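# Observations on the three-dimensional arrangement
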There are 2 protein chains.
Amino acid sequence: MILAQAVPEQISAVQYSTVYNLLSLAIASLLFTAIYLFVSMRRVAPRYRNAVVVSAIVCSIAAYHYFRIFNNFGDSFPAGETIEAAHVLSNIEFNEGYRYVDWLLTVPLLLVETIAVLALPKAVQRGLLFKLVPASAAMIILGYPGEITLELGPRALWGFLSTIPFIYILYVLFVELTRSIVRQPPEVQHTIRMLRLALVGLWGVYPIAYLFPMLNGLGIDFFASSNAWVLKQAGYTLADIFAKAAFGLAIFKIARVKSGLEDISYGDEHTVDEGAATSGVGAHGGSPARDDSRVPAGSQS
Amino acid sequence: MILAQAVPEQISAVQYSTVYNLLSLAIASLLFTAIYLFVSMRRVAPRYRNAVVVSAIVCSIAAYHYFRIFNNFGDSFPAGETIEAAHVLSNIEFNEGYRYVDWLLTVPLLLVETIAVLALPKAVQRGLLFKLVPASAAMIILGYPGEITLELGPRALWGFLSTIPFIYILYVLFVELTRSIVRQPPEVQHTIRMLRLALVGLWGVYPIAYLFPMLNGLGIDFFASSNAWVLKQAGYTLADIFAKAAFGLAIFKIARVKSGLEDISYGDEHTVDEGAATSGVGAHGGSPARDDSRVPAGSQS
């Protein structure tokens with residue numbers, strides 16, 4: 001069974017500007033999250049800086065690819081005769097390969113930053129990464145042949161093959177990682193669980209977006225013509241913004257909280273205010289010293 | 001005997017997008033590895049920073065050249081009438097010179113970063129560089145006339161001449177350097193040996209890619225037409241990614257391990273947790289001081 005054109009022959013002016021604005025939103029979100037994280041990395045303790053830097057690198061790599069996708073999209077769908085006219089596909093291929101090259105680099109790194117922020121014992125960390133990184137690369141590589149094919153059968157087959165490492169990643173994150181999460185400070189356990197859930201929820205958007213062109217092939221009206229393709233682009237783009245920029249900020253937040261718990265000099269911004277809130281002292285006059293009780297013995301570096 | 005055109009008259013749409021995506025992958029890998037290394041250089045002890053900075057510079061130089069190659073490739077092989085049409089060589093030369101200029105700068109620097117991370121006695125270091133740097137420059141310079149010639153004989157001759165300094169570099173790395181490697185800390189000896197092996201394995205890809213157009217000339221079907229050229233581009237590009245980006249990250253890793261062994265303040269990220277994991281103390285309360293036993297006597301800089 002042959003699916004509709006992988007890339008539609010034409011898209012409406014509204015569809016064009018929807019994708020165009022989402023791509024620009026992705027550039028802005030990812031580029032400036034990257035800059036924020038680079039500039040803020042010294043606000044976490046040294047042992048968490050690698051997690052923050054890797055988060056910044058992930059957002060930078062994605063921002064680079066969104067610049068490329070944005071320009072490529074404009075070349076592939078040039079403006080018509082009038083503003084309202086459809087944008088007809090030009091002789092320039094719309095290169096879905098950018099997304100897969102991006103994911104090949106960023107998805108393993110997202111797992112690296114997640115594991116890094118947990119600051120697990122070295123052997124445990126190495127064991128987890130040894131399982132997660134190759135599985136995530138396999139997931140991306142197996143998805144690509146299905147993405148570019150026009151036939152339903154191979155698309156479903158490659159999609160299925162790509163799902164196997166995805167399930168394995170979920171298994172590692174939910175079964176093996178759980179033993180490590182309970183050893184994290186109680187203040188961040190909830191955030192880490194939410195982060196893991198977000199990772200699954202967001203990564204679940206990609207296979208759904210991948211399926212849209214198949215729904216098209218199955219003859220569901222809404223997914224006919226160019227709707228399936230536009231939805232796929234919107235799905236991939238929004239998922240990238242949340243799974244990289246928002247996710248990176250959550251990693252930074254966890255690193256900040258853990259840094260503050262371990263070394264008072266990284267925790268002053270909040271502890272002053274928390275102390276002030278309970279003691280009734282002016283919010284900006286508190287001394288960090290009063291929170292010494294929260295510092296575990298011997299954690300001063 | 002005359003080889004086929006050094007640059008093919010035309011390449012298929014699939015060949016075009018393969019090279020295009022590999023060039024973009026090279027830009028992303030090299031540029032963001034460079035940024036990662038620049039940002040992370042303070043995480044190694046001062047004596048290893050030059051190795052990390054040189055690694056970052058190597059990746060930066062290569063990223064610059066891949067931007068040039070990417071744009072040049074697009075200009076040399078513009079899109080045809082339709083997306084599926086072959087990309088016909090335009091009036092813009094595809095400049096293989098970018099790669100040789102890149103290698104002329106980066107290959108000697110790759111040897112500099114490799115020697116620098118070993119932190120050898122100054123006289124030994126100077127002696128090794130005095131042998132390796134001119135040999136690597138000679139290897140690149142002798143390869144270039146063979147790269148651009150259309151004749152089999154000169155291509156083989158220059159390739160042979162270029163192999164002489166390559167063999168000499170291997171000799172220095174494997175015979176002379178071995179005496180120094182055994183004096184490295186046992187924790188990094190294995191990584192350094194792997195690094196040296198990777199250097200040989202990866203550098204070996206270049207002469208193989210160089211040979212593809214000769215196989216073409218020898219009448220092997222698969223290497224006919226544009227396949228040989230596309231394979232050569234893919235081989236050079238992937239080899240550059242591994243020999244510069246992945247290699248630079250390995251140098252950083254060695255510098256991190258050695259920094260941690262010599263100065264506890266650079267090793268705290270993991271040692272605290274390792275101590276906690278084995279002693280049963282809360283994972284975030286350990287004092288780095290307990291790991292003093294790991295610091296070799298007299299290694300404080």
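A few points on the structure. (Residues numbered from 1 in each chain as written. Chains lettered and ligands numbered in written order. Predicted model: local features only at pLDDT ≥ 70, side-chain atom pairs only at ≥ 80, totals over all residues. Heavy atoms only, no water.)

This paragraph deals with the overall build of chain A. From N to C terminus, chain A includes 9 helices and 2 strands. Start at the N end of chain A and walk to the C end: the helices and strands fall as β-α-α-β-α-α-α-α-α-α-α. The 301 residues of chain A split such that 53% are buried. Pairs at least 24 apart in sequence give 74% of the contacts found in chain A among residues at least 6 apart. Accessible area for chain A stands at about 13,000 Å²; split by element, carbon and sulfur atoms hold 68% of it. (Helix = DSSP H or I, 4+ residues; strand = E, 2+ residues; numbered from the N terminus. Buried < 20%, exposed > 50% of the residue type's maximum accessible area, 1.4 Å probe, protein only. Contact = heavy atoms within 4.5 Å. Areas by Shrake-Rupley, 256 points an atom, 1.4 Å probe, with all protein chains shown as cover.)

Here the focus is the nonpolar core. Soluble globular proteins tend to pack their nonpolar side chains together in the buried interior. Core analysis: the biggest nonpolar cluster contains 164 residues, and Phe73 and Trp203 of chain A together with Phe73 and Trp203 of chain B have the highest contact counts within it. Ranked by residues supplied to this core, first place goes to helix α2 (residues 46-76) of chain A with 16 residues. Excluding its chain neighbours within four sequence positions, the residues that come into contact with Trp203 of chain B are Val107, Leu110, Leu111, Met139, Phe166, Ile169, Ala198 and Ala243 of chain B. (Core = buried A, V, L, I, M, F, W, Y, C linked by side-chain atoms within 4.5 Å.)

The subject of this paragraph is the side chain of Gln184 of chain B. Checked against the element boundaries, Gln184 of chain B lands in the loop between α6 (178-181) and α7 (186-203). Residues in contact with Gln184 of chain B, not counting those within four places in the same chain, are Leu118, Leu120, Gln189, Ile192 and Lys258 of chain B.

Before going further, it helps to spend a moment on the packing of α7 of chain B against helix α9 (residues 227-262) of chain B. Residue and element names in this part refer to chain B. Between α7 and α9, the shortest axis-to-axis distance is 10 Å and the interhelical angle comes to 165°. Between α7 and α9, the angle falls in the class roughly antiparallel. Like other packed secondary-structure pairs, α7 and α9 cross with a definite hand, here left-handed. Every residue of α9 that contacts α7 at Glu187, Val188, Thr191, Ile192, Leu195, Leu199, Leu202 and Trp203 is listed here: Ala239, Phe242, Ala243, Phe247, Ala250, Ile251, Ile254, Val257, Lys258 and Leu261. Class assignment for the residues of the contact of α7 with α9 results in 15 nonpolar, 1 polar and 2 charged. (Axes fitted to C-alpha atoms, helices over the stretch in contact; angles between N-to-C directions. Parallel < 35°, antiparallel > 145°, perpendicular 65-115°, else oblique. Left-handed = near helix turned anticlockwise from the far one by under 90°. Nonpolar A, V, L, I, M, F, W, Y, C, P; charged D, E, K, R; others polar.)

This next bit is on the packing of aromatic side chains. According to the stated counting rule, one finds 32 aromatic pairs over all chains in the structure shown. Here the aromatic rings of Tyr206 of chain A and Tyr236 of chain A are separated by 6.2 Å at their centres, their planes lie at 25°, and the arrangement is stacked. Placement of Tyr206 of chain A in helix α7 (residues 205-217) and of Tyr236 of chain A in helix α8 (residues 227-262) is noted, with a sequence separation of 30 residues between them. Accessibility classification places Tyr206 of chain A together with Tyr236 of chain A in one group, the buried group. What links up through ring pairs into an aromatic cluster is the set Tyr98 of chain A together with Tyr16, Tyr20, Phe70, Phe73, Phe77, Phe94 and Trp229 of chain B. Between the NZ or CZ atom of Arg68 of chain A and the centre of the ring of Phe70 of chain B, over which it lies, the distance is 4.0 Å. (Phe/Tyr/Trp six-rings, centres within 6.5 Å; stacked < 30°, edge-to-face > 60°. Lys NZ or Arg CZ within 6 Å of the ring centre and 35° of its normal.)

What follows covers α2 of chain A. For α2 of chain A, with 31 residues, the first-to-last C-alpha span of 45 Å sits near the 45 Å given by 1.5 Å per residue. Across the 31 residues of α2 of chain A, 25 count as buried, placing the element largely inside the fold. (Expected span 1.5 Å × (residues − 1).)

One non-glycine residue with positive phi stands out, namely Ala119 of chain A, at about 50°. Along the polypeptide, Ala119 of chain A turns up in the loop between α3 (97-118) and α4 (122-148).

Let us look at the environment of Arg47 of chain B. All names here are of chain B. Inspection of the secondary structure puts Arg47 in helix α2 (residues 46-76). Using a relative accessible area of 41% as the deciding quantity, one classes Arg47 as partly exposed. As a C-alpha pair, Arg47 and Val101 span 54 residues in sequence and 29 Å in three-dimensional space. In this structure the side chain of Arg47 is engaged in a polar contact, spanning 3.3 Å, whose partner is the side chain of Glu262. (Polar contact = N/O pair within 3.5 Å; in protein donor to acceptor, adjacent residues only side chain to side chain.)

Moving on, we get to the pattern of salt bridges. Counted by the stated rule, this structure contains 16 salt bridges over all chains. Its salt-bridge partner being Asp240 of chain A, residue Lys244 of chain A comes within 2.9 Å of it at the nearest N-O pair. Linking Lys244 of chain A with Asp240 of chain A, this pair stays in helix α8, spanning 4 residues, or about one helical turn. Lys244 of chain A sits in the buried class, given a relative accessible area of 1%. In this structure, the salt-bridge partner of Glu147 of chain B is Lys232 of chain B, at a minimum N-O distance of 2.7 Å. (Salt bridge = Lys/Arg side-chain N within 4 Å of Asp/Glu carboxyl O.)

Before going further, it helps to examine the packing of α2 of chain A against α3 of chain A. All names here are of chain A. Relative to each other, α2 and α3 sit at 165°, their axes nearing to 9 Å. Taken together, α2 and α3 sit at an angle that is classed as roughly antiparallel. Both α2 and α3 take part in a crossing whose hand is left-handed.

Take helix α4 (residues 122-148) of chain B next. With 27 residues, α4 of chain B extends 40 Å from end C-alpha to end C-alpha; this agrees with the ideal 39 Å at 1.5 Å per step. Three or more residues of α4 of chain B are buried, namely Leu128, Leu129, Leu132, Ala135, Ser136, Ala137, Met139, Ile140, Gly143, Gly146 and Glu147 of chain B.

The next point concerns a nonpolar patch on the surface. Residue and element names in this part refer to chain A. A surface patch of nonpolar side chains, about 540 Å² in accessible area, is lined by Tyr168, Tyr171, Phe174, Val175, Met194 and Leu197. Those elements giving two or more residues to the nonpolar patch turn out to be α5 (152-181) and α6 (186-203). Tracing the backbone through its elements, the reader meets Phe174 in helix α5. (Patch = residues over 30% accessible without salt bridge, like charges linked within 9 Å, V, L, I, M, F, W, Y side chains within 5 Å.)

Moving on, we get to the environment of Phe77 of chain B. All names here are of chain B. Mapping Phe77 onto the fold places it in the loop between α2 and β2 (87-88). A relative accessible area of 0% places Phe77 in the buried class. Put simply, Phe77 and Glu9 are 68 residues apart on the chain and 9.3 Å apart in space, counted from C-alpha to C-alpha. Contacts of Phe77, omitting those with residues within four sequence positions, involve Val7, Pro8, Gln10, Ile11, Tyr16, His87, Val88, Leu89 and Trp229.

Residues and elements named next belong to chain B. Along the chain, Ile148 falls in helix α4. With relative accessibility at 47%, the residue Ile148 sits in the partly exposed group. Along the chain, Ile148 and Val205 lie 57 residues apart, while their C-alpha atoms are 18 Å from each other.

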